Amino acid sequence: MSWRSLTNLKTAPVASRPQSSALEARGRRSRWSATAREGGAVAMATRAQPWPLCSAGSAGAVALATSGAASAEGLGRPGPLRDETLGVASVPSQWRGVQGIRGETKSCQTASIATAEACVQTQKHADAEVQTEAPVPAGVLPGSQHDSPRLAAFLRRVEAMVIRELSKNWHSHAFDGFEVNWTEQQQTVTCLHTLGYPPAQGQGLHVTSVSWNTTGSVVACAYGRLDDGDWSTLRSFVCAWNLDRRGLNPRQPSVVVEVPSAVMSLAFHPTQPSHIAGGLYSGEVLVWDMSRPEDPVLWRTGLTDDTHTDPVYQPHRGETEVGATAVAFSSFDPSLFVLGTEGGFPLKCSLAAEEAALTRTPASVPLRAPAQFTFSPHGGPVYSVSCSPFHRNLFLSAGTDGHVHLYSLLQAQPLTSLQLSHKYLFAVRWSPVRPLVFAAASGQGAQGTLKRLRPLLWASYPPISLLEGDVQLFDLQKSSQKPTVLIKQTQDESPVYCLEFNRQQTQLLAAGDAKGTVKVWQLSTEFTEQGPRETEDLDQLAAEVAI
């Protein structure tokens, strides 16, 4: 029998059975499923046989059910159909699981908040009291506390005495010139700055002149030589330091001006703080503007027949030729000045002189003979003169004889002569604030100093032993024969060639020496504050000698 006829036979009873309810159908599926599970091995063996394909439709379904039943009962016999109830099929979502695994949790933490607590407690307390006297009735007069007749008698008795004492105080000069000084008292002389320019010191140049500007904040020095050397071709410098500048470098000047010849003298303009004039060994006079370091030269005389051709200016007095070594103008008469000469004679001169000078060679401008009066000489060349800022007739002179002379313009002989030492005196200056105080710079000069200035005079002044240079401060109110303070400027036998008081900052004194160093000294209070009757003592000194 074929597989198709077998199928027809098995399906015929099934078709004749009535339809079961849904509940019965679920029961049959459950039993069938159980039978199938129990006879799974037989069914699997039966399905493994090569059966022909069945046609689709209800007949196929019946055949499959019949074959399943048959597999449970045995081969070749069809089994009964059984209903079986299957469980609900559930398929879990893999996508949701993956998304849950990939979930991320993020959080953000801000910086911690800083807190601070500050407590401020102020207290303001003020007490004010007003005390008034009890009012006095208008009709009652206060009783007198004094004996009027006796008080009047006392006042009449002392009236003449009180008026006499008040008159004496009115005419007294005890406090003349006294000024209250609120600055701190300085008991000693101290060195504030030690200034120098290494390139100039490396050439062995000396500090030949120093000068303060009109503000008192800038000090300038000239470099040159005062001994043997080729002065005409020696390059030198003019250097300036601003002492008020923050970060002052004592080895680096604020301004440096190179000069083709040795600078012998230097002076700031009296009102222009940046203008300075210098006299050169070559005979030229130059004016520089220190505020223009790139091109500082404002004016120069040049070298002509009418200009100096020698470092020492030679004025003429009659037919006598003298060499000038120093000059100082009066503080009271701008046309009056004093000259120091190589011969040791101080000369009183005037710019208003009308007498013509006798010259050996003609000049393009008329020359006048300014000398009017000759004073008693020193024992050697006069290196420095200084006019008093407190008296119109007094001036000082210093020379190589070691003396300082105090002269009056009214007589030839000196008012007083101070023998400091056997050393040369190269500079002398009046104090700008103390009428009876002056300073002198000393030190044994090299043999070539006088020899270079005037060879004919050298034979009269043989060299003496070398001594260290110093600055001597004199107070004539205390002593007229010895210095009040001796300041050691150098310790290696180098002379001090120049010095200058600061007229604005009166406690400062600058001094230059042969080592190329400028030292700024701070003076003690005794040299900056006037003593009682000091001006009167100076006037008395001048008047007594002039009689």
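Please refer to the structure higher up on the page.
Residues numbered from 1 in each chain as written. Predicted model: local features only at pLDDT ≥ 70, side-chain atom pairs only at ≥ 80, totals over all residues. Heavy atoms only, no water.

### Examining the overall build of the protein
Stated formally: Secondary structure elements follow DSSP: runs of H or I of four or more residues count as helices, runs of E of two or more count as strands, with numbering from the N terminus. Under the scheme applied here, a residue whose accessible area is under 20% of the maximum for its type counts as buried, over 50% as exposed, and between as partly exposed, the area being computed with a 1.4 Å probe on protein chains only.
On a plain count of helices and strands, the protein comes out with 10 helices and 26 strands. Residue burial in the protein is summarised as follows: out of 547 residues, 39% are buried.

### Things to note about the side chain of S350
The cut-off we apply is this: Pairs of N or O atoms within 3.5 Å make up the polar contacts considered here, provided that, within protein, one atom can donate a hydrogen while the other can accept it, and that residues adjacent in sequence are counted only when both atoms are side-chain atoms. Residue contacts are defined here by distance: any two heavy atoms, one from each residue, within 4.5 Å place the two residues in contact.
Within the secondary structure, S350 sits in strand β14 (residues 347–350). Engagement of the side chain of S350 in a polar contact is seen with the backbone nitrogen of A352, the distance being 3.1 Å. Setting aside chain neighbours within four positions, we find S350 in contact with S335, F337, P370 and Q372.

### Here we look at empty space enclosed by the protein
Heads up, the rule is: The pocket and cavity definitions rest on a 1 Å grid over protein atoms only: a 1.4 Å probe that fits but cannot leave marks a cavity, an open set with protein on both sides within 12 Å along at least five of seven lines marks a pocket, and residues lining either have an atom within 4 Å of a point. Grid points are joined across faces, edges and corners, and a volume is the space filled by probe spheres set on the points.
Applying the stated criterion to the full structure yields three cavities of 30 Å³ or more. What lines the largest cavity is a set of 13 residues, and nearest its centre among them are S330, C387, R392, L394 and L409. Here the lining of the largest cavity takes three residues from strand β13 (residues 336–341), the largest share from any one element.

### Considerations on the pattern of salt bridges
Put simply, the rule reads: In what follows, salt bridge is the name for a side-chain nitrogen of Lys or Arg lying within 4 Å of a carboxyl oxygen of Asp or Glu.
In this structure the tally under the stated criterion is seven salt bridges. Between E500 and R429 there is a salt bridge, and its shortest N-O distance comes to 3.3 Å. One end of the pair, E500, is in strand β24 (residues 496–501); the other, R429, is in strand β20 (residues 425–430), and 71 residues separate them in sequence. Of the residues examined, R429 reaches a relative accessible area of 24% and is grouped as partly exposed. A cluster of three or more residues bridged by salt bridges with shared partners is formed by R434, D475 and E534.

### Focus: the packing of aromatic side chains
Convention followed: For Phe, Tyr and Trp, where Trp contributes only its six-membered ring, two rings pair if their centres lie within 6.5 Å, and the inter-plane angle classes them as stacked under 30 degrees, edge-to-face over 60, or tilted in between.
A complete count under the given rule lists 11 aromatic pairs for this structure. Ring centres of W430 and F438 lie 6.3 Å apart, and the angle between their planes is 70°; on these two criteria the pair is classed as edge-to-face. We note that W430, like F438, is buried. Between the aromatic rings of F438 and F474, the centroid separation amounts to 5.0 Å while the plane-to-plane angle is 5°, which identifies the pairing as stacked.

### Details of the nonpolar core
Rules: To qualify as a nonpolar core, a set must consist of buried Ala, Val, Leu, Ile, Met, Phe, Trp, Tyr and Cys residues joined through side-chain atoms within 4.5 Å.
Of all hydrophobic cores here, the largest spans 20 residues; its most connected members are C221, Y223 and W241. Breaking this core down by element, the ones donating at least two residues are β2 (206–212), β3 (218–224), β4 (236–242), β25 (508–513) and β26 (517–522). Judged by nonpolar contacts, the second largest core, of 18 residues, contains L394, L396, L418 and L476.

### As for the sheet that holds strand β16 (residues 382–387)
Threshold: DSSP bridges decide pairing: two strands pair if at least two such bridges lie between them. Helix axes are fitted only over the stretch in contact, all axes being lines through C-alpha atoms; the angle between N-to-C directions runs from 0 to 180 degrees.
Strand order across the open sheet formed by four strands is β16-β17-β18-β19, with antiparallel pairing between neighbours. At either end of the open sheet lies a strand with only one pairing partner, and these are β16 and β19 (416–419). Here the strands of the sheet are splayed against their neighbours by 15° on average, with no regard to which way each runs. For β16 and strand β17 (residues 394–399), the ladder comprises five bridges, and the chain directions are antiparallel. Bridge pairing links V382 to G399 in β17.

### Digging into the environment of T535
Mapped onto the elements, T535 comes out in helix α10 (residues 534–546). Taking the relative accessible area as the measure of exposure, T535 reaches 26% and is therefore partly exposed. Counting along the chain gives 101 residues from T535 to R434, while the straight-line C-alpha distance between them is 8.6 Å.

### What about a nonpolar patch on the surface?
Using the following cut-off: Each patch is assembled from residues with relative accessible area greater than 30% and no salt bridge, linking like charges that lie within 9 Å and nonpolar side chains (Val, Leu, Ile, Met, Phe, Trp, Tyr) that lie within 5 Å. Computed with the Shrake-Rupley method and a 1.4 Å probe, the accessible areas treat only the protein chains shown as cover for residues.
A contiguous nonpolar surface patch, about 280 Å² in accessible area, is contributed by L151, F154 and L155. Looking at where L155 falls in the secondary structure, it is placed in helix α6 (residues 148–171). Under the relative-accessibility criterion, L155 is labelled partly exposed at 49%.

### Let's talk about the pairing of β20
Of all six residues in β20, five are buried, a share of seventy percent or more. Relative to strand β21 (residues 437–442), β20 runs antiparallel, the two sharing five bridges. Bridge pairing in β21 links A427 to A441. The antiparallel pairing of β20 with β21 creates a hairpin that spans six residues between the two strands.

### Quick notes on the side chain of T517
Its location among the elements puts T517 in strand β26. With a relative accessible area of 11%, T517 lands in the buried category. A polar atom in the side chain of T517 sits 3.3 Å from the side chain of Q201. The contact partners of T517, leaving out residues within four places of it in the chain, are T194, L195, Q201, V207, Q489, A511 and G512.

### What to know about the sheet that holds β26
Pairing in this open sheet of four strands is antiparallel, and the strands run β1-β26-β25-β24 from one edge to the other. Of all the strands in the sheet, just β1 (190–196) and β24 have a single pairing partner and so form its edges. For this sheet, the mean inter-axis angle between neighbouring strands, taken without regard to orientation, is 20°. Strand direction decides the pairing type here: β1 and β26, joined by six bridges, are antiparallel. Residue pairing in the sheet places L195 in a bridge with V518 of β26.

These results come straight from atomic positions and should not be treated as a statement about function.
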